[in-house]
Amino acid sequence: FFFQAEDGIRDAQESRGLGDVYKRQIFTYENQRWWIVGGWSTKMFPGERGRWSDSEGFVRREPDTITLPEGEGWAWDSNWSIEISRNTDADGWEYASNDFVSGFYPINKTGFLIRRRKWYRTCHKKLKTD
């Protein structure tokens, strides 16, 4: 099958007897800010990315509004899941200072006031074979 991430990166792998299937990973980011009163919250400053966004923060991407890719034959393979990696803490969060452009880190340090975590879901489309 073929695997494609939302950003267009594609990786070909063997189909393992499943036929030719095109898989795609769809993702969105959950964003939070630290407030001195109340701790972590989905309330952001005006002009900042919203609670849900793309990786750059420019496009609002709430999970319940994300649909299957256009075209016939697409179906969801999974529910939404949090991505856990060596670049996140145990709950999937990445932390950064007071902006979203200076880089993210897997641990929360003093002065880190924002965090995000990646949610993903996969879908597939059976490719037509002759």
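Residues numbered from 1 in each chain as written. Predicted model: local features only at pLDDT ≥ 70, side-chain atom pairs only at ≥ 80, totals over all residues. Heavy atoms only, no water.

Asker: If you had to explain the side chain of Glu30 to someone new, which residues and values would you point to?
Answerer: Assignment of secondary structure puts Glu30 in strand E3 (residues 21–35). A polar contact of 2.9 Å, which involves the side chain of Glu30, links it to the side chain of Trp119. Filtering out sequence-adjacent residues up to four positions away, Glu30 remains in contact with Arg51, Trp52, Trp93, Arg115, Arg116, Arg117 and Trp119. (Helix = DSSP H or I, 4+ residues; strand = E, 2+ residues; numbered from the N terminus. Polar contact = N/O pair within 3.5 Å; in protein donor to acceptor, adjacent residues only side chain to side chain. Contact = heavy atoms within 4.5 Å.)

Asker: Outline the pattern of salt bridges, listing residues and values.
Answerer: Under the definition given, this model contains seven salt bridges. In this structure, the salt-bridge partner of Asp77 is Lys23, at a minimum N-O distance of 2.8 Å. Taken together, the residues Asp77 in the loop between strand E6 (74–76) and strand E7 (81–82) and Lys23 in strand E3 connect sequence positions 54 residues apart. The shortest N-O distance in the salt bridge between Arg51 and Glu30 comes to 4.0 Å. Placement of the pair is Arg51 in the loop between strand E4 (39–41) and strand E5 (52–53) and Glu30 in strand E3, with a sequence separation of 21 residues. (Salt bridge = Lys/Arg side-chain N within 4 Å of Asp/Glu carboxyl O.)

Asker: Describe the environment of Trp40, listing the residues and the values that go with them.
Answerer: Inspection of the secondary structure puts Trp40 in strand E4. Owing to a relative accessible area of 22%, Trp40 belongs among the partly exposed residues under this scheme. Sequence spacing of Trp40 and Ile114 is 74 residues, and the spatial spacing of their C-alpha atoms is 8.3 Å. Those residues within four positions of Trp40 in sequence are excluded, and the remaining contacts are Gln32, Arg33, Trp34, Tyr95, Asn108, Phe112, Leu113, Ile114 and Arg115. (Buried < 20%, exposed > 50% of the residue type's maximum accessible area, 1.4 Å probe, protein only.)

These figures come from the coordinates and say nothing about function on their own.
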